[in-house]
Each structure stands twice: as structure tokens, then as C-alpha cells.
Amino acid sequence: MAGDGRALGFDSVSVGEKTKVFRLCDGTLIGVSSSSLGIPKAVRDWVEKGMDVSDIPVPRNDDNFEFEALIVRKNGEAVLLDGNWLPSDPVKGEYYAVGSGKQYALAALALGKSAKESVEVAAKLDVWTGGTVTAITH
């Protein structure tokens, strides 16, 4: 799994870098894309705690909690979250991507690029993707 590090905030102004891909204690990998600061870690923490719908992170004031997430369990099962806090049924496919550059990353994966290389391709073609690319293996 790989993700870019571009952090946007304050009406889509670049404010540095943030982590978007994580390995949880049980070996689960999670990648979170969001245009708001702090959301990837909030989603990661919620997944780490068991994804209890009664314990969904509550936005502060007008915080935008829109996000997309890919969760790959240690056994290889993959589920998607699309901002509504309800995981999809397990999805089956050869490639997965979330975020604004997902169509570019998917094309690069289909052409044989690694996860890291596919995010690098997306960064060249999508104005919202950029920064340091982090990759972790399952």
C-alpha cells in the first residue's frame, strides 16, 4: 500500500505533509484520503479501536469529515469506506485506489507499476496528489 503525503487545509492550501497510510497493531493496512487535516489519523484510530459505529469521531464545529479509505486485513480481505463510516462488503479485485488521483494510480497499477510507483504517477497527473510517497507492504 502506498500514499502521498500532501497535506491540504484552509481551503485547499498546501500546508505541508501528513501520513495517509498506516499499519495497525494487528497487521491491517489502512490508507485514508481526505482534504481535511487530522482525518486520516482519526479514521485510523477508529479502525484500530474496532470500527464501532457508536464511537465514530465527531467533527469539531464545521470540520469536513469527507474521506475515502481502503482497509486491507491481515488475511487479505479488503473493504472500502466512503465517508459514511459504514464499511463495504469485502471487495474483490486486482487493484484498489482511493483519493483524487485514484484513476491515474489504477492505470499505472494495471500497467505493472508498483504501489509506490503508481502514486508517483498520480502525483505527476493530479494537482491534489504530491509530496513524499510512503509505501508499506502487507
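Residues numbered from 1 in each chain as written. Predicted model: local features only at pLDDT ≥ 70, side-chain atom pairs only at ≥ 80, totals over all residues. Heavy atoms only, no water.

**Points about the layout of surface pockets**
Which entries qualify depends on this criterion: Cavity means a closed set of points on a 1 Å grid over the protein atoms alone, one where a 1.4 Å probe fits but cannot get out, pocket means an open set with protein on both sides within 12 Å along at least 5 of 7 lines, and lining means a residue has an atom within 4 Å of a point. Grid points are joined across faces, edges and corners, and a volume is the space filled by probe spheres set on the points. A run of DSSP states H or I qualifies as a helix once it reaches four residues; a run of E qualifies as a strand once it reaches two. Both are numbered from the N-terminal end. Charged means Asp, Glu, Lys or Arg here, nonpolar means Ala, Val, Leu, Ile, Met, Phe, Trp, Tyr, Cys or Pro, and polar covers whatever is left, Gly included.
Considered as a void within the structure, the largest pocket measures approximately 820 Å³ in volume. Taken together, 40 residues make up the lining of the largest pocket; nearest its centre are Ala 2, Gly 3, Ala 97, Val 98 and Gly 99. Of all the secondary structure elements, the ones that give two or more residues to the lining of the largest pocket are strand E1 (2–3), strand E2 (6–9), strand E5 (29–33), strand E6 (68–72), helix H2 (102–110) and helix H3 (115–125). Looking at the lining of the largest pocket residue by residue, the class counts come to 20 nonpolar, twelve polar and eight charged.

**Section: the environment of Val 58**
Tracing the sequence through the fold places Val 58 in the loop between helix H1 (39–48) and E6. Spatially, the C-alpha atoms of Val 58 and Ala 42 are 9.5 Å apart, while their sequence positions differ by 16 residues.

**Quick word on the packing of aromatic side chains**
Definition in use: Pairing of aromatic side chains here covers Phe, Tyr and the six-membered ring of Trp, requires ring centres within 6.5 Å, and sorts the geometry by plane angle: under 30 degrees stacked, over 60 edge-to-face, intermediate tilted. Only protein chains enter the area calculation, which uses a 1.4 Å probe; residues under 20% of their type maximum are buried, those over 50% are exposed, and those in between are partly exposed. Look at NZ for Lys and CZ for Arg. If either is within 6 Å of the ring centre and within 35 degrees of the ring normal, a charge sits over the ring.
For the coordinates displayed, the defined rule picks out two aromatic pairs. Look at Trp 46 and Trp 85: their rings are 5.0 Å apart centre to centre, the planes differ by 85°, and that puts the pair in the edge-to-face class. Of the two residues, Trp 46 is situated in helix H1 and Trp 85 in the loop between strand E7 (78–81) and H2; the sequence distance between them amounts to 39 residues. Grouping residues by exposure puts Trp 46 and Trp 85 together as buried. In this structure an aromatic cluster arises from ring pairing among Trp 46, Phe 67 and Trp 85. Above the plane of the ring of Phe 22 lies Arg 44, whose end atom (NZ or CZ) is 4.9 Å from the centre.

**Side note on the pairing of E7**
The following threshold applies: Two strands pair under a simple rule: DSSP has to find at least two bridges between them.
As paired elements, E6 and E7 share four bridges and run antiparallel to each other. Of the residues in E7, the one forming a bridge with Ala 69 is Leu 81. Hairpin connection, E6 to E7: the antiparallel pair is bridged by five residues, and Gly 76 has positive phi, about 95°.

**Overview of the sheet that holds E5**
The condition is simple: All axes are obtained by fitting lines to C-alpha atoms, using only the stretch in contact for helices, and the reported angles, taken between N-to-C directions, cover 0 to 180 degrees. Contact definition: two residues touch when any of their heavy atoms are within 4.5 Å.
In spatial order, the strands read E4-E5-E6-E7; together these four strands make up an open sheet with antiparallel pairing. Where the open sheet ends on each side, the last strands, each with one partner, are strand E4 (21–23) and E7. The sheet shows a mean angle of 15° between the axes of neighbouring strands, taken without regard to direction. Packed on one face of the sheet, H1 meets E4, E5, E6 and E7 and runs near 145° to E5.

**Topic: a nonpolar patch on the surface**
Where we set the bar: Candidate patch residues must exceed 30% relative accessible area and have no salt bridge, after which like charges are joined if within 9 Å and Val, Leu, Ile, Met, Phe, Trp or Tyr side chains if within 5 Å. Calculation of accessible area relied on Shrake-Rupley with a 1.4 Å probe; when residues are assessed, cover is drawn exclusively from the protein chains displayed. In the sections that follow, a salt bridge refers to a side-chain nitrogen of Lys or Arg positioned within 4 Å of a carboxyl oxygen of Asp or Glu.
A cluster of nonpolar residues, Phe 10, Val 13, Val 15 and Leu 37, forms a patch on the protein surface that exposes about 380 Å² of accessible area. Position of Val 15 relative to the elements: it lies in strand E3 (residues 13–17). Judged by its relative accessible area of 37%, Val 15 falls in the partly exposed class.

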